[in-house]
Amino acid sequence: FEEKLASNHLSIGDALHEKGIVLMAQGNFDEALEAVQSALLIRKQRLGNIHEKVEETLVLFGNIYNKLGKSDDALNIFRAAYQMRGREAGLGRKVKEIGDTDTLFQMGKIYHESEELE
């Protein structure tokens, strides 16, 4: 696959994102983190810092950090992803609301698990 495409081609970033999802589902969190870090780098290079695919990868990144027990890092990533939603251009409000709900749910779950709600 990479032989025919440049190593930072968007399709490579998309494939690495999907690989991260599979590895996370299998419980291979360190490998998933590596794949998602590469996907995030490629997606940012190709799409810029403010894009729905970058936000999607950030949320995945946060989920992996949470699985690794790094809840503070996960919360910071979820906050960045949520803030990005407000700056995305060209997306319909319904899509944003669905993404907002998922990101906020993940943040609430971390707070609940860490019992830091006041």
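What counts, and at which threshold
- Residues numbered from 1 in each chain as written.
- Predicted model: local features only at pLDDT ≥ 70, side-chain atom pairs only at ≥ 80, totals over all residues.
- Heavy atoms only, no water.
- Helix = DSSP H or I, 4+ residues; strand = E, 2+ residues; numbered from the N terminus.
- Buried < 20%, exposed > 50% of the residue type's maximum accessible area, 1.4 Å probe, protein only.
- Contact = heavy atoms within 4.5 Å.
- Areas by Shrake-Rupley, 256 points an atom, 1.4 Å probe, with all protein chains shown as cover.
- Phe/Tyr/Trp six-rings, centres within 6.5 Å; stacked < 30°, edge-to-face > 60°.
- Axes fitted to C-alpha atoms, helices over the stretch in contact; angles between N-to-C directions.
- Parallel < 35°, antiparallel > 145°, perpendicular 65-115°, else oblique.
- Left-handed = near helix turned anticlockwise from the far one by under 90°.

**Considerations on the overall build of the protein**
Here is step 1: For the protein, the helix and strand inventory stands at five helices and zero strands.
Here is step 2: Across the protein, helices and strands are ordered from the amino to the carboxyl terminus as α-α-α-α-α.
Here is step 3: In the protein, buried positions account for 36% of the 118 residues.
Here is step 4: Counting contacts in the protein only where the partners sit at least 6 residues apart, residues at least 24 apart contribute 56% of the total.
Here is step 5: Just so you have it, the protein exposes about 7200 Å², and 49% of that area is on carbon and sulfur atoms.

**Examining the packing of aromatic side chains**
Here is step 1: Within the structure shown, the criterion is met by one aromatic pair.
Here is step 2: Ring centres of Phe61 and Tyr65 lie 5.2 Å apart, and the angle between their planes is 35°; this geometry places the pair in the tilted category. With Phe61 and Tyr65 both in helix 3 (residues 52-67) and four residues apart, this pair spans about one turn of that helix. Accessibility assignment for this pair places Phe61 and Tyr65 in one class, buried.

**Let's talk about the packing of helix 1 (residues 10-25) against helix 3**
Here is step 1: Running from N to C, helix 1 and helix 3 point in directions that differ by 25°, and their axes come no closer than 11 Å. Classified by the interaxial angle, the pair formed by helix 1 and helix 3 is roughly parallel. Note that helix 1 runs across helix 3; the crossing there is left-handed. Contact residues: Asp14, His17, Gly20, Ile21 and Met24 in helix 1; Lys53, Glu56, Thr57, Leu60, Asn63 and Ile64 in helix 3.

**Quick word on the environment of Val22**
Here is step 1: If you trace the backbone, Val22 turns up in helix 1.
Here is step 2: Separated by 10 residues in sequence, Val22 and Ala32 have C-alpha atoms that sit 7.8 Å apart.

Just distances and angles here, no functional claims.
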